[in-house]
Amino acid sequence: MSEAREKCAVFGIYAPARDVSRITYYGLFALQHRGQESSGIAVAHGEHITCYKDMGLVNQVFSREEMLQLLKGTAAIGHNRYSTTGRSVKANAQPLVFDKHFMRKRALALGHNGNIVNAMELAQVLKREFGIRARTTSDSELMGLLLQEHYARTSFKEALLTVCNMCRGAFSMVLLTSDAVWAVRDPWGVRPLCLGTIKKGHVVASESCALPLVGADYEREVEPGEVVRLDDEGITSWRLNTPPQRKECIFEYFYFARPDTLLRGREVYTMRFRMGRQLYREMPVEADMVIGVPESGRPAAEGFSAESGIPVREGLVKNRYVARTFIEPIQSMRQEGVRMKYSPLEETLKGKRVVLVDDSIVRGNTTREIPAMLREAGAAEIHMRVSSPPIRHPCFYGIDFGTREELIAARKTLPEIREYLGVDSLHYISIDGMVKATGFDKSEFCLACFNEQYPIPLPRQMELGKYIFEQSSGDGEGEFEQAPVPFPPLDKGE
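Note that this is a predicted model, so its numbers are computed, not measured.

Cut-offs applied
- Residues numbered from 1 in each chain as written.
- Predicted model: local features only at pLDDT ≥ 70, side-chain atom pairs only at ≥ 80, totals over all residues.
- Heavy atoms only, no water.
- Core = buried A, V, L, I, M, F, W, Y, C linked by side-chain atoms within 4.5 Å.
- Buried < 20%, exposed > 50% of the residue type's maximum accessible area, 1.4 Å probe, protein only.
- Helix = DSSP H or I, 4+ residues; strand = E, 2+ residues; numbered from the N terminus.
- Phe/Tyr/Trp six-rings, centres within 6.5 Å; stacked < 30°, edge-to-face > 60°.
- Lys NZ or Arg CZ within 6 Å of the ring centre and 35° of its normal.
- Salt bridge = Lys/Arg side-chain N within 4 Å of Asp/Glu carboxyl O.
- Pairing = 2+ DSSP bridges.
- Axes fitted to C-alpha atoms, helices over the stretch in contact; angles between N-to-C directions.
- Contact = heavy atoms within 4.5 Å.
- Polar contact = N/O pair within 3.5 Å; in protein donor to acceptor, adjacent residues only side chain to side chain.

Asks: Honestly, the nonpolar core in this entry has me stumped. Any pointers?
Replies: Nonpolar side chains tend toward joint burial in soluble globular proteins. Judged by nonpolar contacts, the single largest core of 46 residues is most densely connected at F251, Y397, F401 and M434. Of all the secondary structure elements, the ones that give two or more residues to this core are α8 (251–256), α9 (268–282), α10 (298–308), β20 (353–358), α16 (431–438), β23 (445–446) and α17 (448–451). No other element matches the five residues that α8 contributes to this core. Ranked by size, the runner-up nonpolar core spans 32 residues in total, among them L142, L146, V184 and V227.

What follows is the structure in C-alpha cells.
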C-alpha cells in the first residue's frame, strides 16, 4: 500500500510471422502495475512506424478491436507510463516517434523506464549542436531527439551507443526501427529488463511476469550496460563504454515488481516472504493474528506468520474495482480513496491483537487510515511492521518522491511516526536484514532513499524535481502518429 508512485513498463517484440500488436497489448496488460497514466503501442510495417497512444489504462486506450487491426507489422514496442519527469499529459505519453528527416528508413520509436539525471545537459547539447528544443516535457524525448540527429548521419547501432554513452541515470529502454527491436539498460542496472523467446521471435519486457501471458519463455535479464538487437538473426549484444556497476533499485524487490517476477533469476515472492521472517526476528511481538495490507504486504505477512507461529488472517478486504489511491493527485482524495479501497472484517478483528504488515511507508498520510479503520472495527492492539527501512531521502532515478519534505521518516522520529499512525508498536526492517532476504550482495543495490548514498552523481538542477522541463500541457483524444507516408489500413476481416 506504499504511497510511492511507480515508474513505467516497457515491452518489445520482434516476430514477423506473429500478431505483434496484440502480443504487445497483452504484455502491457501484464505490466499494468508499473504505470497507469497512459499506454501506447508502436509497430514497424515495412519502412513505416505507426503509433497509437492515449491517457488511461491499457484496456481503456485499446478499447476497440480496430485499433489493434490498424497496428499491423513485423515488430512492436509498448509502454505504460507513470510520470517521473514531465507532467501526466498526452504529449508526454509513450512510445515517442521520431521521423523529422522524412527518411522512412530512419524513423524510430522509443519507450523509456527510468529517469535521466543529466537531462538539462542533454537539452543544452541539443540546442547548441542541432538548434533543437524538445516538444514535450519528458527526459525521454531528449534521448529520442539526440538519437534522431545521430541516426541521420550514421547507423542506428552507432547512434544508440553514442547517445546512451552521453546519458547518466536510470534507463531501461525499448526502441523500434524499421527492421529491428532494440533494448538497452543503463550501466548501473537501476531498472529491470529481461529477454524472452517466443515462437518465431523474441521479446523484451520490464518484468518476466509478462512473458507467460504472451507464451514466451524467460531467457535472461538484459545485463547492466548492455545493448541488444532483436531481428531475423536472433539476439545480438554490445556494451556501453561505462563499465557496469550494478546498483539495482531495492524498491523493485520489496514493492514494485510483481510477486511472480524473476529478478536476476529469483522469484520476488520468495524474497518478500523472507523479509517477513526477518521482521519477526528483529522485533518479536505477541499477537493473535497477522494481516498483510493487500496486495503488496501479503508475502511479508505470510513470512512473519511462518516465523512467529501467529496465524495470518484476512482482516482487510480489498475492493478490486477501485484504482490505486496514489493515482489521485489531491491528498484529501487519496485519504478517501483508502476507505473506498479497503473494508475491515469486524467479526475477525474485534478484541484481537493485530500485527499489520506493509511493504513501506513513504508520506504516511494514507497509511495512517488503515490502523484507524482497524481500531474502528474493534482491534484491541495494532503492531505495525514494515518490510523496508525508513525512507528518509528523495529518489532521483525514477520514483516519485523528489523532496525530503514529502517523507515522514525525514521529518519525524520513530516514536513520532508511531504516534502519528496510531499504532501500539512500530518496527521497520533493517537495511541489512532487507538485503539479506534477497540473497544478493549489499553493494549491488541502490539504497540511497535509506542512506543518502547516491550511486550516480547528481547535477545541482535535479533539486528542481520532476517538472524541470514543464512548459505546456497536452489535451485531446488519443491519436495515431506515423511517418509521412501512411500504409493502407487492413480491412477488419483480415
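Asks: Sorry if this is basic, but what is going on with the packing of aromatic side chains here?
Replies: Any pair of aromatic rings gets described here by the distance separating the centres and the angle formed by the planes. Inspection of the entire model under this criterion finds 16 aromatic pairs. Note on Y280 and F304: the rings are 5.3 Å apart at their centroids and 90° apart in plane angle, and the pair reads as edge-to-face. Residue Y280 is located in helix α9, and its partner F304 is located in helix α10; the two are separated by 24 residues in the primary sequence. One aromatic cluster in this structure is built from F251, F254, Y255, F256 and F450. When the ring centre of Y420 is taken as reference, the NZ or CZ atom of R368 above it lies at 4.0 Å.

Asks: It is not clear to me how the pattern of salt bridges should be interpreted in this structure. Could you clarify?
Replies: Note on pairing: side chains with opposite charge can pair once their charged atoms come close. Counted according to the given criterion, the structure contains 30 salt bridges. A salt bridge links R128 to E129; the nearest nitrogen and oxygen atoms lie 4.0 Å apart. Taking the relative accessible area as the measure of exposure, R128 reaches 58% and is therefore exposed. The partner of R191 in a salt bridge is E252, with the nearest N and O atoms 3.7 Å apart. Of this pair, R191 sits in the loop between β8 (180–185) and β9 (194–198) while E252 sits in helix α8, and the two are 61 residues apart along the sequence. Of the residues examined, E252 reaches a relative accessible area of 2% and is grouped as buried. A single network of salt bridges, built from pairs that share partners, joins R185, E221, E223, R246, E248, R264 and E444.

Asks: Help me out: how do you make sense of the pairing of strand β13 (residues 234–239) in this one?
Replies: By the bridge criterion, six bridges tie strand β12 (residues 226–231) to β13 in an arrangement that is antiparallel. Bridged to V227 within β13 is W238. The antiparallel hairpin formed by β12 and β13 contains two residues in its connecting segment.

Asks: Mind showing me how you'd approach the sheet that holds strand β21 (residues 381–386) here?
Replies: The pairing of strands in a sheet comes from backbone hydrogen bonds and takes either a parallel or an antiparallel form. Reading across from one edge, β17-β20-β21-β22 is the order of the four strands in this open sheet, with parallel pairing throughout. Of all the strands in the sheet, the pair left with one neighbour each is β17 (289–292) and β22 (425–428). Strand-to-strand, the axes of this sheet are offset by a mean angle of 20°, without reference to chain direction. Taken together, the six bridges between β20 and β21 define a ladder with parallel strand orientation. The residue bridging D358 from the neighbouring strand is V386, located in β21. Against the sheet, helix α15 (residues 414–421) touches β21 and β22, its axis set at about 125° to β22.

Asks: How should the side chain of K53 be read in this particular structure?
Replies: The topology assignment puts K53 in strand β3 (residues 48–55). What makes K53 buried here is its relative accessible area of 5%. In this structure the side chain of K53 is engaged in a polar contact, spanning 3.0 Å, whose partner is the backbone oxygen of A93. A distance of 2.9 Å separates a polar atom in the side chain of K53 from the backbone oxygen of P95.

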